[in-house]
Amino acid sequence: MRGLFVTATDTGVGKTVVAAAIAAALRARGERVAAFKPVVTGADEPADPDWPPDDVLLAAAAGTSADAVTPLRFGPPVSPHLAAAVAGTPLDPAALRAAFAERTAEADAVVVEGVGGLLVPLTPDYLVRDFARDLGLSLVVAARPGLGTINHTLLTLEAARNAGLTVAGVVITPWPQQPTAMEHDNRATIARLGDFDVATLPLLPRADPALLAAAGAQLPLDRWLGQNIH
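Computed from a prediction, not measured in an experiment: that's the story for all the values here. (Residues numbered from 1 in each chain as written. Predicted model: local features only at pLDDT ≥ 70, side-chain atom pairs only at ≥ 80, totals over all residues. Heavy atoms only, no water.)

> Looking at this structure, I do not really get helix H6 (residues 128-135). What am I missing?
Restricting attention to buried positions, one finds in H6 the residues Val 128, Asp 130, Phe 131, Ala 132 and Leu 135. Backbone geometry just after H6 places Gly 136 at a positive phi near 75°. (Buried < 20%, exposed > 50% of the residue type's maximum accessible area, 1.4 Å probe, protein only. Helix = DSSP H or I, 4+ residues; strand = E, 2+ residues; numbered from the N terminus.)

Spelled out as structure tokens, the structure:
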């Protein structure tokens, strides 16, 4: 399948913006795009007027509905396995894979967003990393520009490679208009030690599909999409 799995070095890093930018850019050039996120937690959190919930943002970018993006939502802002346990509805990996297959069958390209980082559990013994591997999609890793990002990003890359996952690229976001010397060095060091070209995505003022598409169009999407596992 032609697509990408967007993960991150941590929660709140910007992977939804990266995933939405990729989906919006592909859609803007005429592709039928399916966006998928297996689980959304934190549905009870107050809404941000400029940045809607993950499934709503992905739906707007791909031109579909939030229900088509995400099969499961939970209120508390906690790990999926805990949110599911509290709700009394444990997650079923097979059901998640089936939902993915059903919702992406007609697409030219798929963009999947994980939940938190690669080692976040969806169930007590089934991680986001396992879901990515089962889908057979290459990873795009979203990372912060600031202090600590070298360690967090290289650990994520190592965890992915040790699991047999293909990493298509790294995106540092939000990349400032005038990066500091540290931010420049973080990017260069991740590229050197991780053996990757590291792309950047600028700070976007709001969740506008046109802005997302323009930002996503600057990413090396065709090269990334050619690196799927199977």
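> Is there a simple way to explain the sheet that holds strand E5 (residues 109-113) in this structure?
Note: strands within a sheet are paired through backbone hydrogen bonds, in either parallel or antiparallel orientation. Within the open sheet, the 6 strands sit side by side as E2-E5-E1-E8-E9-E10. Their pairing is parallel. The sheet terminates laterally at strand E2 (33-36) and strand E10 (198-202), the two strands that pair on one side only. Taking the axes of each pair of neighbouring strands and ignoring which way they run, one obtains an average angle of 25° across the sheet. As paired strands, strand E1 (residues 3-8) and strand E8 (residues 138-143) are joined by 5 bridges and run parallel to one another. (Pairing = 2+ DSSP bridges. Axes fitted to C-alpha atoms, helices over the stretch in contact; angles between N-to-C directions.)

> Explanation requested: the side chain of Asp 55 in the structure shown.
Checked against the element boundaries, Asp 55 lands in helix H2 (residues 54-62). When its relative accessible area of 4% is taken as the criterion, Asp 55 is described as buried. Engagement of the side chain of Asp 55 in a polar contact is seen with the side chain of Arg 73, the distance being 2.6 Å. Setting aside chain neighbours within four positions, we find Asp 55 in contact with Val 40, Ala 66, Val 69, Thr 70 and Arg 73. (Polar contact = N/O pair within 3.5 Å; in protein donor to acceptor, adjacent residues only side chain to side chain. Contact = heavy atoms within 4.5 Å.)

> It is not clear to me how the packing of helix H7 (residues 149-162) against helix H8 (residues 181-194) should be interpreted in this structure. Could you clarify?
Helices that pack against each other are described as a pair by the angle of their axes relative to one another and the distance between those axes. Running from amino to carboxyl end, H7 crosses H8 at an angle of 25°, the nearest separation of the two axes being 10 Å. By the angle between their axes, H7 is roughly parallel relative to H8. By crossing handedness, the relation of H7 to H8 is classed as right-handed. Contact residues: Thr 149, Ile 150, Thr 153, Leu 154, Leu 157 and Arg 161 in H7; Asn 186, Thr 189, Ile 190, Leu 193 and Gly 194 in H8. Classifying every residue of the contact of H7 with H8 gives 5 nonpolar, 5 polar and 1 charged. (Parallel < 35°, antiparallel > 145°, perpendicular 65-115°, else oblique. Left-handed = near helix turned anticlockwise from the far one by under 90°. Nonpolar A, V, L, I, M, F, W, Y, C, P; charged D, E, K, R; others polar.)

> Any chance you could explain the pattern of salt bridges here in plain terms?
Any two side chains of opposite charge can pair if their charged atoms end up close together. Applying the stated rule across the entire model yields 11 salt bridges. What you see here is one network of salt bridges that share partners, running through Arg 2, Arg 29, Glu 31 and Asp 222. (Salt bridge = Lys/Arg side-chain N within 4 Å of Asp/Glu carboxyl O.)

> Help me understand the environment of Pro 90 in this model?
Mapped onto the elements of the fold, Pro 90 is located in the loop between helix H4 (80-87) and helix H5 (93-104). Counting along the chain gives 32 residues from Pro 90 to Leu 122, while the straight-line C-alpha distance between them is 9.0 Å.

> Before we go on, may I ask you to explain the environment of Ala 213 in this structure?
Within the secondary structure, Ala 213 sits in helix H9 (residues 209-216). Look at Ala 213 and you get buried, because its relative accessible area is 11%. Residues Ala 213 and Arg 29, 184 residues apart in the sequence, show an inter-C-alpha distance of 9.2 Å. Dropping the residues within four chain positions of it, Ala 213 is found in contact with Ala 21, Ala 24, Ala 25 and Ala 28.

> Help me understand the pairing of strand E9 (residues 167-175) in this model?
Residues in a regular strand point their side chains to alternate faces of the sheet. Counting buried positions over the 9 residues of E9 gives 8, a clear majority of the element. In this structure, E8 lies alongside E9, joined through 5 bridges in parallel fashion. Paired with Val 141 across the two strands is Val 170, which belongs to E9. In this structure, E9 lies alongside E10, joined through 4 bridges in parallel fashion. Along E10, the bridge assignment pairs Trp 175 with Pro 202. A crossover links E9 with its parallel partner E10, the connecting element being H8, and its sense is right-handed. (Right-handed = clockwise from strand over helix to strand, strands pointing away.)

> Sorry if this is basic, but what is going on with the packing of aromatic side chains here?
Aromatic ring pairs are defined here through the distance separating the ring centres and the angle between the ring planes. Using the criterion set out here, one finds 3 aromatic pairs in the structure. Between Phe 5 and Phe 131, the aromatic rings sit 6.2 Å apart at their centres with planes inclined by 70°, giving edge-to-face as the arrangement. Taken together, the positions of Phe 5 in strand E1 and Phe 131 in helix H6 put the pair 126 residues apart, joining distant regions of the chain. Where Phe 36 meets Phe 100, the ring centres are 5.6 Å apart and the plane angle is 80°; that geometry is what we call edge-to-face. Of the two residues, Phe 36 is situated in strand E2 and Phe 100 in helix H5; the sequence distance between them amounts to 64 residues. Taking relative accessible area as the criterion, Phe 100 reaches 6% and is therefore assigned buried. A connected cluster of aromatic rings, assembled from ring pairs, spans Phe 5, Phe 36, Phe 100 and Phe 131. If you follow Arg 187 out to its NZ or CZ, it ends over the ring of Trp 175, 5.7 Å from the centre. (Phe/Tyr/Trp six-rings, centres within 6.5 Å; stacked < 30°, edge-to-face > 60°. Lys NZ or Arg CZ within 6 Å of the ring centre and 35° of its normal.)

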